[in-house]
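# Tertiary structure, described
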Amino acid sequence: MELKFILEPLLFSAQKPMTAKELRDVLASAATAEDADDATKPFKKVKDDDVTAALEELAREHEIAARSFRLVCVAGAWQFVTQPEFAPWLKALVGVKNRPSRLSQAALETLAIIAYRQPVTRAEVEQVRGVNIDGTMQTILERGLVVQSGRAEVVGRPALYSTTALFLEYFGLRGLEDLPAADELRRIPIERPPAPVTVDAGLATAPPEQLQLNAKVKLPEEKTSALPSSSPAAN
Amino acid sequence: MAEYKVQFEVFEGPLDLLLYLIKKEEVDIYEVNLTKLATQFIEYIDLMRAFDLDVAGEFLVMASTLMYIKSRELLPVEQQVVVEAEDEGEDPRWELIRQLVEYKKFKDAAAKLQTLEERQENVFPRLPGKIEFENTEAPALKPEVGIFDLLNAVNSVLKRFQEKTSGTREIYDDKWTVSEKIQYVLKIITARGSVKFSELFASAANRAEVICTFLALLELIRLKQLACVQPEPFAEIEIAHAAQSISSSETSAPEVNPQTETENQQ
């Protein structure tokens, strides 16, 4: 029997989202039970990676099948979820989800910076946003989306902040690598061009060939990748 | 005044306002005329200053940076501050552009997070109920009658006598024995099948008799002769033959403690 076919009903009946490790443990305990079926034996010592690979394949199959529900991994745990377009009917069935109010623009910006740059100090976030973030930090700390994860080994030993598993759950992300354009934003490699910015009469900015910031394009990844100095560090 | 305040709250900070101004100009960030931008920015600041000084504080820092850039542009190229070796890379224009680009990217990332946030509101996980295996688990239990339920019940019976005997007190011989009462209880239950807890004590004359009957009841329960059941929560306790309650119950094993014995009466 194929591993993915065993994992599917396990997740179908599971009371909570299951990590690859938890699923592996289920496979192991099925194989070591006193009256263990012979079919369970080959999966006694299956590896986490194999479980994850099978789950990923299963998730792909569900996506290709384009059914109304999908297998997803949120914060490292796998579960079946419905597709968002069916929400109107599900809300009628199970009621509106009990979620805290939506985050403000300021909170989302702050969270984005912490998520991509973590661990990060408050001052670093403030530098990017150009504003004081005391109030916003308070909100996202209270909501458990970020935590203090240590102290920076610099003068004053300021607190470092990181996002939590709840952050991943709140946005339905598998992990931090699942953040949109994660490679681009993690440590933004915008550096001063090798040559000093030349002065263009009447235009108080660097010429396009030095900056090449296609600001009209909304997607941030296209801007960074166009930066010559950024490409080596983008990965 | 209120009109302006609403407008300014749209901006999350000076960088946000600058991005807005650049967007309004419909130019790329790298093409923007920072001198013109500085003028526009300061116009906004002038409007803002009166209302919200706290916010204006951050905006003023930006305004001064822009003023510096603007003033620098007024000088001929050869007279501009030469970048010193020690503060290399401090070209204020580049610094501002870099900051704007960086902020823009995180602003876009925040917009994506917002999309995910809204999407997640409409995603429902599968939450299966706990699977019940009827043949291995006990059937839905009637409320268990424990020792404390019995004590509560006998206590309420005893209260009746407390009221009666207040005032004068009489001292009786111990006319009743537990073994006698065992016979009495068994007789009633054999005759009637089951009996309500209070009925068992209906004929009791005083506290001593009640206690004797109660001890007899406990003894019979201990010997697994009788079982106590409560047909529904808070209903009166009923007493029946243990064997009878088992026969009428479908799945209970005979070894089950009579106090936790259940009976299917429906």
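The structure displayed is predicted, hence computed values, not measured ones. (Residues numbered from 1 in each chain as written. Chains lettered and ligands numbered in written order. Predicted model: local features only at pLDDT ≥ 70, side-chain atom pairs only at ≥ 80, totals over all residues. Heavy atoms only, no water.)

### Quick word on the pattern of salt bridges
Using the criterion set out here, one finds 22 salt bridges over all chains in the structure. Lys21 of chain A is the partner of Asp25 of chain A in a salt bridge, and the nearest nitrogen-oxygen pair spans 3.5 Å. Separated by 4 residues within a single helix, Asp25 of chain A and Lys21 of chain A lie in helix 2 (residues 20–32), roughly one turn from each other. According to the relative accessible area criterion, Lys21 of chain A is partly exposed, its value standing at 44%. Notably, a salt bridge pairs Glu95 of chain B with Arg98 of chain B, separated by 3.1 Å at the nearest N-O pair. (Salt bridge = Lys/Arg side-chain N within 4 Å of Asp/Glu carboxyl O. Helix = DSSP H or I, 4+ residues; strand = E, 2+ residues; numbered from the N terminus. Buried < 20%, exposed > 50% of the residue type's maximum accessible area, 1.4 Å probe, protein only.)

### Things to note about the side chain of Thr164 of chain A
All names here are of chain A. Structurally, Thr164 is set in the loop between strand 6 (159–163) and helix 8 (165–171). In this structure Thr164 comes out as buried when scored by relative accessible area, which is 16%. A distance of 3.3 Å separates a polar side-chain atom of Thr164 from the backbone nitrogen of Leu166. When neighbours within four sequence positions are excluded, Thr164 is seen to be in contact with Gly144, Leu145, Val146 and Val147. (Polar contact = N/O pair within 3.5 Å; in protein donor to acceptor, adjacent residues only side chain to side chain. Contact = heavy atoms within 4.5 Å.)

### Looking at the sheet that holds strand 3 (residues 77–82) of chain A
All names here are of chain A. Spatially, 3 strands are ordered 1-3-2 in an open sheet, and the strand pairing comes out antiparallel. Each edge of the open sheet is held by one strand with a lone partner, namely strand 1 (18–19) and strand 2 (69–74). Here strand 1 pairs with strand 3 via 2 bridges, running antiparallel. Its bridge partner lying in strand 3, Thr19 is registered against Ala77. (Pairing = 2+ DSSP bridges.)

### Observations regarding the packing of aromatic side chains
Within this structure, the stated rule accounts for 7 aromatic pairs over all chains. Site record: aromatic cluster; members linked through ring pairs are Phe167, Tyr170 and Phe171 of chain A. When the ring centre of Tyr170 of chain A is taken as reference, the NZ or CZ atom of Arg99 of chain A above it lies at 4.1 Å. The lysine or arginine in question, Arg126 of chain B, covers the ring of Phe12 of chain A, its NZ or CZ lying 3.7 Å from the ring centre. (Phe/Tyr/Trp six-rings, centres within 6.5 Å; stacked < 30°, edge-to-face > 60°. Lys NZ or Arg CZ within 6 Å of the ring centre and 35° of its normal.)

### Looking at helix 6 (residues 122–129) of chain A
When helix 6 of chain A is considered as a whole, its buried residues turn out to be Val125, Val128 and Arg129 of chain A. All buried residues of helix 6 of chain A project into a common sector of 90 degrees when viewed along the axis, lining one side. In helix 6 of chain A, the exposed positions that point more than 90 degrees away from the buried face belong to Ala123 and Gln127 of chain A. Each element contacted by the buried residues of helix 6 of chain A is listed here: helix 5 (105–117), strand 4 (120–121) and helix 7 (134–142) of chain A together with helix 2 (14–25) and helix 5 (92–121) of chain B. Residue Gly130 of chain A follows helix 6 of chain A closely and has a positive phi angle near 70 degrees. (Arc of directions from axis to C-beta.)

### Concerning the confidence of the model for chain B
Should pLDDT be low for a region, the predicted coordinates there are not to be read in detail. Residue and element names in this part refer to chain B. Mean pLDDT over chain B: 73, with 68% of residues reaching 70 or higher. The least confident element of chain B, judged by mean pLDDT, is helix 1 (residues 2–8) at 44; the most confident is helix 5 at 87. A low-confidence stretch, residues 1–8 (pLDDT under 50), is modelled with 9 contacts involving residues beyond four sequence positions or located in other chains. Taken over the whole predicted complex, pTM reads 0.58, whereas the ipTM for its chain interfaces reads 0.72. (pLDDT = per-residue confidence, 0-100.)

### Remarks on the pairing of strand 6 of chain A
All names here are of chain A. Counting buried positions over the 5 residues of strand 6 gives 5, a clear majority of the element. Burial along strand 6 is two-sided: the residues Ala159, Tyr161 and Thr163 and Leu160 and Ser162 are all buried. Relative to strand 6, strand 5 (residues 146–151) runs antiparallel, the two being bridged by 5 bridges. Looking at the pairing, Val147 lines up with Ser162 of strand 6.

### What about empty space enclosed by the protein?
Evaluation of the coordinates by the stated rule reveals 2 cavities of 30 Å³ or more. Reported here for the largest cavity is a volume of approximately 80 Å³. Together, Leu11, Ala14, Gln15, Lys16, Pro17, Trp78, Gln79 and Phe80 of chain A together with Arg126, Leu127 and Pro128 of chain B line the largest cavity. Ranked by residues supplied to the lining of the largest cavity, first place goes to strand 3 of chain A with 3 residues. Residues belonging to the lining of the largest cavity are distributed by class as follows: 7 nonpolar, 2 polar and 2 charged. (1 Å grid on protein atoms, 1.4 Å probe; cavity = no way out; pocket = protein on both sides within 12 Å on 5 of 7 lines; lining within 4 Å. Points joined across faces, edges and corners; volume = space filled by probe spheres on them. Nonpolar A, V, L, I, M, F, W, Y, C, P; charged D, E, K, R; others polar.)

### Quick word on the environment of Leu15 of chain B
Within the secondary structure layout, Leu15 of chain B lies in helix 2. Setting aside its immediate chain neighbours within four residues, Leu15 of chain B contacts Val128, Arg129 and Gly130 of chain A together with Met62, Gln99, Leu100 and Tyr103 of chain B.

### Focus: the packing of helix 1 (residues 3–13) of chain A against helix 3 (residues 48–65) of chain A
Residue and element names in this part refer to chain A. Remark: helix 1 packs on helix 3, axes separated minimally by 9 Å, with the N-to-C direction vectors making an angle of 75 degrees. It follows that helix 1 is roughly perpendicular to helix 3 by the angle criterion. Contacts from Leu3, Lys4, Leu7, Glu8 and Leu11 of helix 1 reach helix 3 at Asp50, Val51, Ala54, Leu55, Glu57, Leu58, Glu61 and His62. Residue composition of the contact of helix 1 with helix 3, by class: 7 nonpolar, 1 polar and 5 charged. (Axes fitted to C-alpha atoms, helices over the stretch in contact; angles between N-to-C directions. Parallel < 35°, antiparallel > 145°, perpendicular 65-115°, else oblique.)

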